[in-house]
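# Observations on chain architecture
Given next are the chains, with one letter for each unit.
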Amino acid sequence: MRTSQDAGEAVSEAVGDDADSTAGARPGTDPPGRGSGGGRPRHPARRRLFAVPLVMAFALVLAGCASGTESAVTIVDDSGATNELRGTALAQPVDKPALNLVDTAGAPLDLRSRTAGKVTLLFFGYTNCPDVCPTTMADIAAALDTVPASVRSRIATVFVTTDPERDTGEVLSRWLNQFDPSFIGVRGTLAQIRAQADALGIPLEDPVRQPNGIFTVTHGTQVMAFTTDDRARVVYLAGTQVADYAHDLPILVNTGKTT
């Protein structure tokens, strides 16, 4: 398993500010699919980074999709580890937060009680995201379709919007239902969401409107996996394949501990 000293991987993404964009799908295209993930764009530079056989530290730099800004995350490739998981290990475990935000119906949501006894996959993103967010949700949904029902029933997938002004409860619910009706959508004020992201070490910047009307949104792209003891010891970075999720989910469920 690979280890991450800083889970702050982030990407800047641009979206248009028009009515057709609020559902997260481009006009004239089908909603994001739940296939094997084969259509998902891959990042050769990132694959080369992870292929290094020795334990070394690297700065993984992801260029912004529109704004040209950059963010960095330090990755250690721990290929000699005997752990069976394919995710990226955190240097220190992270406790599952309560969040204390609201769900898509506007009801108060305590993450710990809502997902008690389940492996919880937590992701911060937004419905207008052009690539990372929909492909991540589609890949998780596809992986859930491949695992036994006894495993699937013990996994909760939680999506916290980083663009609450445009991601109303209705928009967020409709978008998540394209992937899996069991996915839990979470909202709040941007200040509340930023505070929760900061506490988890997930980068999040305010949406910035450019002169041409395009919004650029920078947010962390990692999926945090909390096991049944309410601690995360592993994350899944952008580019994680369906097969990797499908491989790890039964292990996370059955062990409740990643290290």
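Going by the structure above, here's the rest.
Please read all numbers here as calculations on a predicted model, not as lab measurements.

Tallying secondary structure elements over the protein gives 7 helices and 14 strands in all. Split into buried and exposed, the 259 residues of the protein put 50% on the buried side. Partitioning the contacts of the protein with sequence separation of at least 6, the portion at a separation of at least 24 is 74%. A total accessible area of about 11000 Å² is found for the protein, and carbon and sulfur atoms account for 52% of it.

For the rest of this paragraph, the subject is helix 7 (residues 242-255). Here helix 7 contains 14 residues, and its C-alpha end-to-end distance of 20 Å stays within 8% of the 20 Å for a straight helix at 1.5 Å per residue. If you check which residues of helix 7 are buried, you get Val-242, Tyr-245, Ala-246, Asp-248, Leu-249, Ile-251, Leu-252 and Val-253. Residues of helix 7 that are buried in the fold lie against strand 8 (119-125), helix 3 (132-146), helix 4 (149-152), strand 9 (155-161), strand 13 (223-226) and strand 14 (231-236).

As a further point, take the pattern of salt bridges. Tallied over the entire structure, the rule returns 10 salt bridges. Notably, a salt bridge pairs Asp-230 with Lys-96, separated by 3.1 Å at the nearest N-O pair. Here the residue Asp-230 occupies a position in the loop between strand 13 and strand 14, and Lys-96 occupies one in the loop between strand 5 (88-95) and strand 6 (99-103), the gap between them amounting to 134 residues. Salt-bridge contacts for Arg-194 lead to Asp-206; the nearest nitrogen and oxygen are separated by 2.4 Å. Of this pair, Arg-194 sits in helix 6 (residues 190-200) while Asp-206 sits in the loop between helix 6 and strand 11 (208-209), and the two are 12 residues apart along the sequence. Residue classification places Arg-194 among the partly exposed residues on the basis of a relative accessible area of 26%. Here the residues in one salt-bridge network are Asp-145, Arg-152 and Asp-180, joined through shared partners.

Calculation rules
Residues numbered from 1 in each chain as written. Predicted model: local features only at pLDDT ≥ 70, side-chain atom pairs only at ≥ 80, totals over all residues. Heavy atoms only, no water. Helix = DSSP H or I, 4+ residues; strand = E, 2+ residues; numbered from the N terminus. Buried < 20%, exposed > 50% of the residue type's maximum accessible area, 1.4 Å probe, protein only. Contact = heavy atoms within 4.5 Å. Areas by Shrake-Rupley, 256 points an atom, 1.4 Å probe, with all protein chains shown as cover. Expected span 1.5 Å × (residues − 1). Salt bridge = Lys/Arg side-chain N within 4 Å of Asp/Glu carboxyl O.

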